[in-house]
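Breakdown of the fold
One letter stands for each residue in the lines below.
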Amino acid sequence: MSKRAFGIDIGGSGIKGAPVHLGKGELAADRLRIPTPQPSTPDAVADAVAELVDSFDIAEDMPIGVTFPAVIKDGVAHSAANVDKSWIGTDVDALLTERTGHDVFVVNDADAAGIAEMEFGAGRGSSGVVQVFTLGTGVGSATFTDGRLVPNTELGHLLLHSGDAEKYMASSIKEREDLDWETWADRLQEYFEHIEFLFSPTRIIIGGGVSKKHKKFLPLLDLQAELLPAELRNEAGIIGAAVLAHREEKALRKAAKKDGKKKDKKDKHEG
Ligand code: BGC
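About the criteria used
Residues numbered from 1 in each chain as written. Predicted model: local features only at pLDDT ≥ 70, side-chain atom pairs only at ≥ 80, totals over all residues. Heavy atoms only, no water. UniProt positions renumbered as here; feature names shortened; annotations may be inferred. Buried < 20%, exposed > 50% of the residue type's maximum accessible area, 1.4 Å probe, protein only. Helix = DSSP H or I, 4+ residues; strand = E, 2+ residues; numbered from the N terminus. Pairing = 2+ DSSP bridges. Patch = residues over 30% accessible without salt bridge, like charges linked within 9 Å, V, L, I, M, F, W, Y side chains within 5 Å. Areas by Shrake-Rupley, 256 points an atom, 1.4 Å probe, with all protein chains shown as cover. Salt bridge = Lys/Arg side-chain N within 4 Å of Asp/Glu carboxyl O. Lys, Arg positive; Asp, Glu negative; His and termini not counted. Charge placed at Lys NZ, Arg CZ, Asp CG, Glu CD. Near = heavy atom within 4 Å. Polar contact = N/O pair within 3.5 Å; in protein donor to acceptor, adjacent residues only side chain to side chain.

Per an unreviewed UniProt entry, the protein chain is named ROK family protein, and its organism is Candidatus Brachybacterium intestinipullorum. What the UniProt record of the protein chain gives under Sequence similarities (unreviewed entry) is the line "Belongs to the ROK (NagC/XylR) family."

Below, the structure is given as structure tokens:
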């Protein structure tokens, strides 16, 4: 059977999930979306995630990758810009592993989208510094150097006009302030000029829901980097999370095998 893992994308309004065909970088079944409980506390979200997983008939040992819009270190959330503050300090890996009964690996949402784009989308075959930005409620970033992720770059929170950049140029701000494409593109231009000055990326990939309308705003930007729309759009989070879960699970198995060998050697030696 081809390699599969399950991917879940936790967002402010919806939780989406599906099994992923890892060879093709495609969903292996229709995805399911359930509304994010409000307030979106860890407990309520964990129940919703378990409900989502239960509605699929997946193998017990299938690992699950989960995206979350926060800084994630060793499975623990360290920020909560657009989600319930009670997530800060929560061991998301442990909570969701316990609730779903599967091995769960959590990853920042933009990092997951970036992993998917690098593997199967607009980042394929690229080298040097490549950055993926997701424009949505907030602004997420994923930074890669020669294909390797530098996790949790959080560039949506750069200072711009003495405030959080994402509060100035996220696509939610375009909607809230009813900005036309030109005005919004001017804000994006300012932001990405700043990014280019700091990181000199060779390629910038723009994702998030608004990227399906990329023809309206990407041509208005004038940057040095190659500027491309994301290819996987809505599914990037689910696919990237599944890729990550598979990689992490494999690394754990390898480490356990190595430990086992070491133990055998020690037993032989001592016995
Ligand atoms: C969060 C990031 C997240 C981004 C997109 C920001 O507000 O701090 O962790 O990646 O929104 O959801």
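**Let's talk about the pairing of strand β8 (residues 104–108)**
By the criterion of burial, β8 is predominantly enclosed, with five of the five residues buried. Burial of β8 is two-sided: the residues Val104, Val106 and Asn108 facing one way and the residues Phe105 and Val107 facing the other way are all buried. Of the strand pairs in this sheet, strand β5 (residues 64–68) and β8 are connected by five bridges, and their pairing is parallel. Opposite phenylalanine 68, over in β8, you have asparagine 108 as the bridge partner.

**A word on a negative patch on the surface**
A grouping of Asp178, Asp180, Glu182, Asp186, Glu190, Glu193 and Asp222 is seen on the molecular surface, where their side chains present a negatively charged patch. The topology assignment puts glutamate 190 in helix α6 (residues 181–199). You can call glutamate 190 partly exposed: its relative accessible area is 31%.

**Structural notes on the site of the ligand**
As a matter of local geometry, the ligand sits amid Pro69, Ala70, Ala81, Asn82, Asn108, Asp109, Ala110, Val139, Gly140, Glu154, His157 and Glu166. In the environment of the ligand, an oxygen atom lies 3.1 Å from a nitrogen or oxygen atom belonging to the side chain of asparagine 82. Take aspartate 109: an N or O atom from its side chain is 2.5 Å from an oxygen atom of the ligand. Protein contacts shield 93% of the accessible area of the ligand, which totals 310 Å² for the unbound molecule.

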